[in-house]
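Structure at a glance
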Amino acid sequence: MHFSFLPSVAEQLFKDIQKIYQDTLKFVFGTCALQALDLVDQRSVTCLSSPSGRRTFQVTGGSGRTYTCFVSCHFCPCPAFAYTVLRRNEGLLCKHLLAVYLSQAMGVTQQEAVSDQEMTTLQPAHRE
Amino acid sequence: MTDILTLVFKTLTSRGELAAVDDGSLSAVAPARSALVVGERALSRTMLLLAAVTAASESGLRVFFLTQTQIQSLPVALHSRVPGLTPAALKKIKFCYPRTFEELLVQVAGLHESSHSPPSSPALIIVDGLECYLCSPAPCTSSRLQTSEQCSAAHLSALLCDTASFLTQVLEKHGSAHAPCRLITSYQPQRNSEQSGEASVDSVLDVLDRYFQVRCTLDQDRSYESTSGGLQQVWNIYLSSCLEVKETSCKKDDMESKEEQPVQEWRLLLSADGLMEFKLAQKH
């Protein structure tokens, strides 16, 4: 977003909004909230779609690894999801899943088309 | 999915018992699209086969049945009790035998490709014996291995649920009366040694409960009065909503056990020659 084209009052307004969202998100989702916002800023979330109509999300993590997440239910192959969410039950989402939700809400998800065969091979990828 | 299971129970209920079963008594568990059958391996497998045949013959659903062990024959209970059982109905069931966890993932992930020909899209996905794909044969003592098993369970469950959700959209888009796409799986908790305890068993089942809406528990009644001199087995079947149990647990501040509260109970009489009869017991 090009803040430099806006009046200073609007720019300050958006910064205030960003601060409020960060505090609320952090309260609900914990430390992964800011990490998720960073991923959103980096445009790390891509929605893959195939001719069959199937969709899935890929998130490029901070380390450059790509994680394939599902649309309708929560799963991410990252270690944080396995440990914090599944094993310890201490978190609702990992940063990748939260980034998917935020990107969708903010309309900044990248779009990419793949073939049906590529979609089939993407989802069984257990570890990236 | 509860509608399919209830249809199975009603189909194999005696006429006398069926007269006493009304729709109001069957509404204890909210309609759900996914169910997890937990219990003894052979009976779960039979239950899933009953569900597949009943769905195909009575409801006309196209079924995709995945299991590791090849099915040699249909259960005896089916031979004379399912009215619409015909070769044409059986053709609606596609059996698939993935040998490994990875093969199972590929089979499920590829189901979306059937959407190009909607009549071939399944409206019921059945996976028999999740423990065969998820759990290591040796007792799980490593926390790292437990986490890996949990992650595998979550991955498979999420893929199944997401695939069923997509197929529901396909069915609805084409105006199919068979929507939504239902999902039923079975899982037998492993009998681990004392050293490993029950931690690894509960951890996988706990993960599965996150993704499936209803749990169908099979519990053998071993009381003397029920065995009739060993001529038959009696099983209690509990249908309970996993989602309702989780929400109830979150609202309470105390540390009560998170064991599910059964909300609907059936009884199964299993004779030595394989014949099955269901009875609606009570609802809680």
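Each value, and the rule that gives it
- Residues numbered from 1 in each chain as written.
- Chains lettered and ligands numbered in written order.
- Predicted model: local features only at pLDDT ≥ 70, side-chain atom pairs only at ≥ 80, totals over all residues.
- Heavy atoms only, no water.
- UniProt positions renumbered as here; feature names shortened; annotations may be inferred.
- Helix = DSSP H or I, 4+ residues; strand = E, 2+ residues; numbered from the N terminus.
- Contact = heavy atoms within 4.5 Å.
- Buried area = accessible area lost by both parts, 1.4 Å probe.
- Salt bridge = Lys/Arg side-chain N within 4 Å of Asp/Glu carboxyl O.
- Buried < 20%, exposed > 50% of the residue type's maximum accessible area, 1.4 Å probe, protein only.
- Pairing = 2+ DSSP bridges.
- Axes fitted to C-alpha atoms, helices over the stretch in contact; angles between N-to-C directions.
- Disulfide = S-S within 2.5 Å.
- Arc of directions from axis to C-beta.

To continue, consider the UniProt feature "domain: SWIM-type" (unreviewed entry) in chain A. UniProt's feature table lists "domain: SWIM-type" (unreviewed entry) at residues 67-105 of chain A, given in the numbering used throughout. Across residues 67-105 of chain A, helical content stands at 51% and strand content at 8%; the span's end C-alpha atoms are separated by 19 Å.

Attention now moves to the interface of chain B and chain A. Across the contact, 27 residues belong to chain B and 27 residues belong to chain A. In total, about 2,300 Å² of surface goes out of reach between chain B and chain A, with carbon and sulfur atoms giving 56% of it. On inspection of chain B and its partner chain A, the count reaches 1 salt bridge. The salt bridge partner of D162 of chain B is R54 of chain A, with a shortest N-O separation of 2.5 Å.

This part takes up the pattern of salt bridges. Residue and element names in this part refer to chain A. Using the criterion set out here, one finds 9 salt bridges over all chains in the structure. K15 serves as the salt-bridge partner of E11, at 3.7 Å between the closest nitrogen and oxygen. With a gap of 4 residues between them, E11 and K15 both fall in helix α1 (residues 8-29), about one helical turn apart. With relative accessibility at 24%, the residue E11 sits in the partly exposed group.

Now for the side chain of T168 of chain B. When you line up the elements, T168 of chain B lands in helix α8 (residues 143-173). Residue classification places T168 of chain B among the buried residues on the basis of a relative accessible area of 3%.

Right, let's get into the sheet that holds strand β1 (residues 45-49) of chain A. All names here are of chain A. Spatially, β3-β2-β1-β4 is the arrangement adopted by the 4 strands of the open sheet, whose pairing is mixed. Both edges of this open sheet fall to β3 (66-69) and β4 (110-113), since each of them pairs with a single strand only. Looking at each pair of strands side by side, their axes are set apart by 30° on average, direction ignored. With 4 bridges connecting them, strand β2 (residues 55-60) and β3 associate as antiparallel partners. When the sheet's bridge partners are listed, V59 is paired in β3 with Y67.

A few words on unusual backbone geometry. Put simply, A179 of chain B and P180 of chain B share a cis peptide bond, and its omega is 5°. Position of P180 of chain B relative to the elements: it lies in the loop between α8 and β5 (182-187). In this model, N89 of chain A sits at a positive phi of 55°, which is unusual for a non-glycine residue. When you line up the elements, N89 of chain A lands in the loop between α3 (79-87) and α4 (95-106).

Attention now goes to the state of the cysteines. Under the counting rule described, the total for this entry stands at 0 disulfides over all chains. Sulfur of C76 of chain A: no disulfide; nearest cysteine sulfur belongs to C78 of chain A and is 3.7 Å away.

Attention now goes to helix α6 (residues 101-109) of chain B. Buried within α6 of chain B are the following residues: F101, L104, L105, V108 and A109 of chain B. Down the axis, α6 of chain B shows its buried residues gathered within 130° of arc, on one side only.

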